[in-house]
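Listed below are the residues making up each chain.
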Amino acid sequence: MTDYALLERQLAALLDTRDWLTNAAQTCAFVMQEVGELNWAGFYLHRRPMTLVLGPFQGKPACNPIPFDKGVCGAAARSHATQRVDDVHAVADHIACDAASRSELVVPIIVDGRLWGVLDLDSPSPARFSAADQAGIERLVDTFVAASDLPRLD
Ligand code: SME
């Protein structure tokens, strides 16, 4: 099992600048390295009205842009709630960027009540993400937010 309390301390130490772009790049590289069975980890940013724009990521080149009314990322953006999908093939409007993806976790990043972006994790294993993984990744997102100056992007 992933020791998210340890990862939280390591990530906080890694993010030693206030620069959100540097910290976003470091965060997704760190998650990709430390969390098992992932094929994609990255940020989509709320840079245009009702639209997510691809940000720093690790993995194959990805779909861009994603409107709020599409896909698992769009559902997280609309609802401000984490989306944990055990089987992406069961989600009608799932956007398949990498055919290897089977399960997905999308955590919205909320700043002052407003959507700033999302952190999206994909796994080639079905039902890769447990409730404990969700809670752990949400804590890592909190660590990223606390460590970074996050200007409005849109
Ligand atoms: N599968 C996502 C799109 C982003 S990629 O997985 C990187 C979705 O349905 O929103």
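The present account deals with the structure reproduced in this document. Everything numeric here is computed off the predicted structure, so don't read it as measured data.

## Regarding the site of the ligand
Here's step 1: Every residue near the ligand is listed here: Trp 40, Tyr 44, Ile 66, Gly 71, Val 72, Cys 73, His 94, Ile 95, Cys 97, Glu 104, Asp 120 and Asp 122.
Here's step 2: Within the contact set of the ligand, an oxygen atom lies 2.8 Å away from a backbone nitrogen or oxygen of Cys 73.
Here's step 3: Contact distances for the ligand include 2.6 Å between an oxygen atom and a side-chain N or O atom of Asp 122.
Here's step 4: Taking 310 Å² as the accessible area of the ligand by itself, protein coverage stands at 100%.
Here's step 5: For the ligand, the cavity whose grid points lie within 2 Å of the majority of its atoms is the largest cavity.
Here's step 6: When residues of the shell around the ligand are traced back to their parent elements, those giving at least two are β1 (40-48), α3 (71-79) and β6 (114-123).
Here's step 7: Per-element tally for the shell around the ligand: the top contributor is α3, with three residues.
Here's step 8: Here the residues of the shell around the ligand sort into seven nonpolar, two polar and three charged.

What counts, and where the lines are drawn
- Residues numbered from 1 in each chain as written.
- Predicted model: local features only at pLDDT ≥ 70, side-chain atom pairs only at ≥ 80, totals over all residues.
- Heavy atoms only, no water.
- Near = heavy atom within 4 Å.
- Polar contact = N/O pair within 3.5 Å; in protein donor to acceptor, adjacent residues only side chain to side chain.
- Areas by Shrake-Rupley, 256 points an atom, 1.4 Å probe, with all protein chains shown as cover.
- 1 Å grid on protein atoms, 1.4 Å probe; cavity = no way out; pocket = protein on both sides within 12 Å on 5 of 7 lines; lining within 4 Å.
- Sits in = over half its atoms within 2 Å of the grid points.
- Helix = DSSP H or I, 4+ residues; strand = E, 2+ residues; numbered from the N terminus.
- Nonpolar A, V, L, I, M, F, W, Y, C, P; charged D, E, K, R; others polar.

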